[in-house]
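Structural overview for review
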Amino acid sequence: MQRIGVLTSGGDCPGLNAVIRGVVRAATNRHWEVLGFHDGFEGLLPPANYEVLDVKRCAGIMQLGGTILGTTNRGHFVAKVGEGSVARIPDEIIDRAKVTVQQLGIGALIAIGGDGSLSTALQMQEAGIPMIGVPKTIDNDLEATATSFGFDSAVAFVSEALDRLHTTASSHKRVMVIEVMGRHAGWIALYGGLAGGADVILIPEIPFDYEKIAEAVRKREADGVLSTLVVVAEGAHPHDRGELYRKAGSGEYKLGGIGEQVAAEIAARTGKETRCCVLGHLQRGGNPTTLDRILGTRFGVHAVDLIAEGRFGEMVSYQNYQVLGVPISHAVHKLKRVPSDGQMVATARAMAVSFGD
Ligand code: F6P
């Protein structure tokens, strides 16, 4: 192995640069050269868009959010369009990427991305390009790894936002609804909500009833607590309706709007002044926490180890405090949801948190 490639694909999150730096340092130790492809898999299409990554280029990047390589969740390599539906990348596109890999003499390619990007990596592996995956999910919803970098940073931000909303909510005796990311899984809402002392947490896994939320607010009033913090995951929904979508331009739909709806229902049912705050992409920006820097570094180093061992078609995975290699095929199509009868939900319930059910 003389030369390897690395790219970041899909939505960005804090910790991507820690992975890149880990890859570059570990590869440099083995006297390998690393090429970083720009804007995800798109950078592989001729004329290839890449740069040589060395220790100097990676100095001081670990603590930066985003990715120095750029990324995209659009373009020619989108393998996943929503939950469960995997699109085949056209053979012609994969062949063009393969030409780049061969012409540049790249022995293996590390793809850092979520389930969609890992689906793409798997298809490329099947087409004969030696691939290694690094799972990236701010939503923490990949079954094949206990956690991934980016999640802790998002949770820390939600918790800080709740701290801030707590003071204004209690000063005005209001209900504050905070909408957070989490399309299919409520991990960010649950962890962020618990850390920030939320009173109501609404997650996709536990469909809610507006009247139960109102009851929770009224009970707090009766107990003399005049403000309430409600965290709602963007994919949460009432038991009699599906998720809320908003139009995002050119026929594209994205989740969003449930926070405003929950706020309006609470105000109508309780008469309480209620405000909604949507955290959106603030959760994806900013510097990674120490935990995400360390996990990202470990993932990057282990991805290089997997290449050295010739374990192509595998991805790094965090399990029982160890970083291991598992087949990429195990990672895709399997979402990790919050178990509604699990310990975290039970702990929250014991803290008198309402899930609106
Ligand atoms: O999957 C990560 C995620 O941040 C989701 O939580 C969110 O719904 C989505 O990506 C937002 O995507 P985009 O950046 O394309 O708006």
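Let us look at the structure shown here. (Residues numbered from 1 in each chain as written. Predicted model: local features only at pLDDT ≥ 70, side-chain atom pairs only at ≥ 80, totals over all residues. Heavy atoms only, no water.)

1. A closer look at the site of the ligand
Under the convention used in this document: By convention in these notes, a residue is near a molecule or strand provided one of its non-hydrogen atoms lies within 4 Å of it. Here a polar contact is taken to be a pair of N or O atoms separated by no more than 3.5 Å, where protein atoms must pair a possible hydrogen donor with a possible acceptor and residues adjacent in sequence count only if both atoms sit in side chains. As used throughout, domain bounds are those supplied by an automatic or database domain assignment.
Every residue lining the ligand is accounted for by N73, I138, D139, M181, G182, R183, E234, K254, H281 and R284. Between the ligand and K254 there is a distance of 3.0 Å, counted from an oxygen atom to a side-chain nitrogen or oxygen. Separating an oxygen atom of the ligand from a side-chain N or O atom of H281 is a distance of 2.9 Å. Mapped onto the domain boundaries, the shell around the ligand takes at least three residues apiece from domain 1 (3–149 + 288–331) and domain 2 (153–285).

2. Considering the packing of helix α5 (residues 187–195) against helix α10 (residues 343–350)
What counts here: Helix axes are fitted to C-alpha atoms over the stretch in contact, other axes to C-alpha atoms as well, and angles between N-to-C directions run from 0 to 180 degrees. A run of H or I in DSSP counts as a helix once it spans at least four residues, and a run of E counts as a strand once it spans at least two, with each numbered from the N terminus. Handedness of a crossing follows from how the near helix is turned relative to the far one, being left-handed for an anticlockwise turn of less than a right angle and right-handed for a clockwise one. In what follows, residue pairs with any heavy atoms lying within 4.5 Å of each other are defined as contacts. Polar here means any residue other than Ala, Val, Leu, Ile, Met, Phe, Trp, Tyr, Cys and Pro, which are nonpolar, and Asp, Glu, Lys and Arg, which are charged; Gly is therefore polar.
At a minimum axis distance of 11 Å, the contact between α5 and α10 shows a crossing angle of 35 degrees. Viewed along their axes, α5 and α10 form a crossing whose handedness is left-handed. Contacts between α5 and α10 pair L190, Y191 and L194 from the former with M344, V345 and A348 from the latter. Tallied by class, the residues present in the contact of α5 with α10 amount to six nonpolar, no polar and no charged.

3. Considerations on the packing of aromatic side chains
We apply this condition: Whether two aromatic rings pair depends on their centres lying within 6.5 Å, for rings of Phe, Tyr and Trp, where Trp uses its six-membered ring; planes under 30 degrees apart make the pair stacked, over 60 edge-to-face, and the rest tilted. Here, a charge over a ring means that NZ of Lys or CZ of Arg falls within 6 Å of the ring centre while also lying within 35 degrees of the ring normal.
Scanning the entire structure with this criterion turns up six aromatic pairs. Among the aromatic residues, those joined into a ring-pair cluster are F151, W187 and Y191. Seen from the ring of W187, K336 lies directly overhead, with NZ or CZ sitting 6.0 Å from the centre.

4. A word on α5
Cut-off, in case you're wondering: Residue exposure (1.4 Å probe, protein chains only): buried if accessible area is under 20% of the type maximum, exposed if over 50%, otherwise partly exposed.
Listed as buried for α5 are W187, I188, A189, L190, G192 and G193. Next to the buried residues of α5 lie α4 (151–172), β6 (175–180), β7 (200–202), β8 (228–233) and α10.

It is worth stressing that arrangement in space is one thing and function is another; only the former is reported here.
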